[in-house]
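Fold and geometry: a report
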Amino acid sequence: MPASTATTIRVSPEIKSTLERIAIDTRRSTSFLAAEAVSAYVERELQSLDGIKRALADARLGHVVPHDDAMAEIHAVIDAAEAARDAVM
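Throughout what follows, the structure given in this document is the object of discussion. (Residues numbered from 1 in each chain as written. Predicted model: local features only at pLDDT ≥ 70, side-chain atom pairs only at ≥ 80, totals over all residues. Heavy atoms only, no water.)

The subject of this paragraph is the overall build of the protein. Along its length, the protein carries 3 helices and 0 strands. In terms of overall dimensions, the protein is more spread out than a globule: its C-alpha atoms have a radius of gyration of 23 Å, far above the 12 Å expected for 89 residues. Projected onto the principal axes, the alpha-carbon positions of the protein cover approximately 50 × 45 × 30 Å. Taken over 89 residues, the protein has a buried fraction of 2%. (Helix = DSSP H or I, 4+ residues; strand = E, 2+ residues; numbered from the N terminus. Rg over C-alpha atoms; globule rule 2.2 N^0.38 Å. Buried < 20%, exposed > 50% of the residue type's maximum accessible area, 1.4 Å probe, protein only.)

Quick look at helix α1 (residues 13-26) now. Here α1 contains 14 residues, and its C-alpha end-to-end distance of 20 Å stays within 8% of the 20 Å for a straight helix at 1.5 Å per residue. One or two positions beyond α1, positive phi appears at R27, with a value near 60°. (Expected span 1.5 Å × (residues − 1).)

You will see that R27, though not glycine, has its phi angle at about 60°, which is positive. Summarising the element assignment, R27 is placed in the loop between α1 and α2 (30-60).

Between α1 and α2, the shortest axis-to-axis distance is 9 Å and the interhelical angle comes to 110°. By the angle class used here, α1 and α2 are roughly perpendicular. Taking contact as the criterion, the partners of L19, E20, I22, A23 and T26 in α1 are, on α2, T30, L33 and A34. Among the residues making up the contact of α1 with α2, the classes are represented as 5 nonpolar, 2 polar and 1 charged. (Axes fitted to C-alpha atoms, helices over the stretch in contact; angles between N-to-C directions. Parallel < 35°, antiparallel > 145°, perpendicular 65-115°, else oblique. Contact = heavy atoms within 4.5 Å. Nonpolar A, V, L, I, M, F, W, Y, C, P; charged D, E, K, R; others polar.)

For the rest of this paragraph, the subject is a nonpolar patch on the surface. Judged by side-chain polarity, I9, V11 and I15 come together as a nonpolar surface patch covering roughly 280 Å² of accessible area. Mapped onto the elements, I15 comes out in helix α1. (Patch = residues over 30% accessible without salt bridge, like charges linked within 9 Å, V, L, I, M, F, W, Y side chains within 5 Å. Areas by Shrake-Rupley, 256 points an atom, 1.4 Å probe, with all protein chains shown as cover. Salt bridge = Lys/Arg side-chain N within 4 Å of Asp/Glu carboxyl O.)

Shape descriptors only; they carry no functional weight alone.
Given below as structure tokens:
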């Protein structure tokens, strides 16, 4: 079993009650479920932050697409999808 450490968090009574209900229904401890939730949140936020940092670095290097060009591409994709849908109908 990997090493772990304890931390304390404050949640609303409603969240605590719901967490306890989930723990009972899944036969898991509230501690296990809370650790899983925090782990998923941390991983998701880390991916978001890393993506933002990469995007900012690209922007600093000038690797950007002008807004009008991006919108034209988006509209072209939508128009193509609508045409394909209409052709099937």
